[in-house]
Amino acid sequence: MFGQILAALYQDDIVDEDDIRAWHTSAAGRGTALKPGALLDGVKHCWSVGGKLLQQFDAQASESEEESDEEDEE
């Protein structure tokens, strides 16, 4: 559920890539202050989904750079 919420917030332009990157590196994003239980499990899952989103962002950026380089060569 938390991961779906994170993806929906990004898709609806409520948060942007920089927001997700900042959250993902924060202690709160990792749930370090939370006690073991369902909430911590949800936050950890959301953090994992956030990591996958960041990987997608990085892949898209690499693809864009490659396309730009190819256009420059033409």
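K.L.:
Would you mind showing me how to read the overall build of the chain here?
P.N.:
When helices and strands are tallied, the chain shows 4 helices and 0 strands. Along the chain, helices (α) and strands (β) appear in the sequence α-α-α-α when read from the amino end. Looking at the chain residue by residue over its 74 residues, the buried ones come to 22%. Taking as baseline every contact in the chain between residues at least 6 positions apart, the subset at least 24 positions apart corresponds to 55%.

K.L.:
Is there a simple way to think about the nonpolar core in this case?
P.N.:
Note that soluble globular proteins tend to have their nonpolar side chains buried in a common cluster. Core analysis: the biggest nonpolar cluster contains 6 residues, these being Leu 6, Ile 20, Cys 46, Leu 53, Leu 54 and Phe 57. For this core, the element with the most residues is helix 4 (residues 38-73), which contributes 4 residues. If sequence neighbours within four positions are ignored, Phe 57 has contacts with Tyr 10, Glu 17, Ile 20 and Arg 21.

K.L.:
Got a minute to help me understand a negative patch on the surface in this structure?
P.N.:
The grouping of Asp 12, Asp 13, Asp 16, Asp 18 and Asp 19 at the surface amounts to a negative patch. Looking at the element boundaries, Asp 19 is found in helix 2 (residues 17-25). Note on Asp 19: relative accessible area 39%, which makes it partly exposed.

K.L.:
How should the packing of aromatic side chains be read in this particular structure?
P.N.:
All chains considered together, the criterion is met by 1 aromatic pair. When the ring of Tyr 10 is compared with that of Phe 57, the centres are 4.8 Å apart and the planes differ by 50°; the resulting orientation is tilted. Here Tyr 10 is found in helix 1 (residues 2-11), whereas its partner Phe 57 is found in helix 4, with 47 residues between them in sequence. What makes Tyr 10 partly exposed here is its relative accessible area of 27%. Taking relative accessible area as the criterion, Phe 57 reaches 6% and is therefore assigned buried.

Analysis parameters
- Residues numbered from 1 in each chain as written.
- Predicted model: local features only at pLDDT ≥ 70, side-chain atom pairs only at ≥ 80, totals over all residues.
- Heavy atoms only, no water.
- Helix = DSSP H or I, 4+ residues; strand = E, 2+ residues; numbered from the N terminus.
- Buried < 20%, exposed > 50% of the residue type's maximum accessible area, 1.4 Å probe, protein only.
- Contact = heavy atoms within 4.5 Å.
- Core = buried A, V, L, I, M, F, W, Y, C linked by side-chain atoms within 4.5 Å.
- Patch = residues over 30% accessible without salt bridge, like charges linked within 9 Å, V, L, I, M, F, W, Y side chains within 5 Å.
- Areas by Shrake-Rupley, 256 points an atom, 1.4 Å probe, with all protein chains shown as cover.
- Salt bridge = Lys/Arg side-chain N within 4 Å of Asp/Glu carboxyl O.
- Lys, Arg positive; Asp, Glu negative; His and termini not counted.
- Charge placed at Lys NZ, Arg CZ, Asp CG, Glu CD.
- Phe/Tyr/Trp six-rings, centres within 6.5 Å; stacked < 30°, edge-to-face > 60°.

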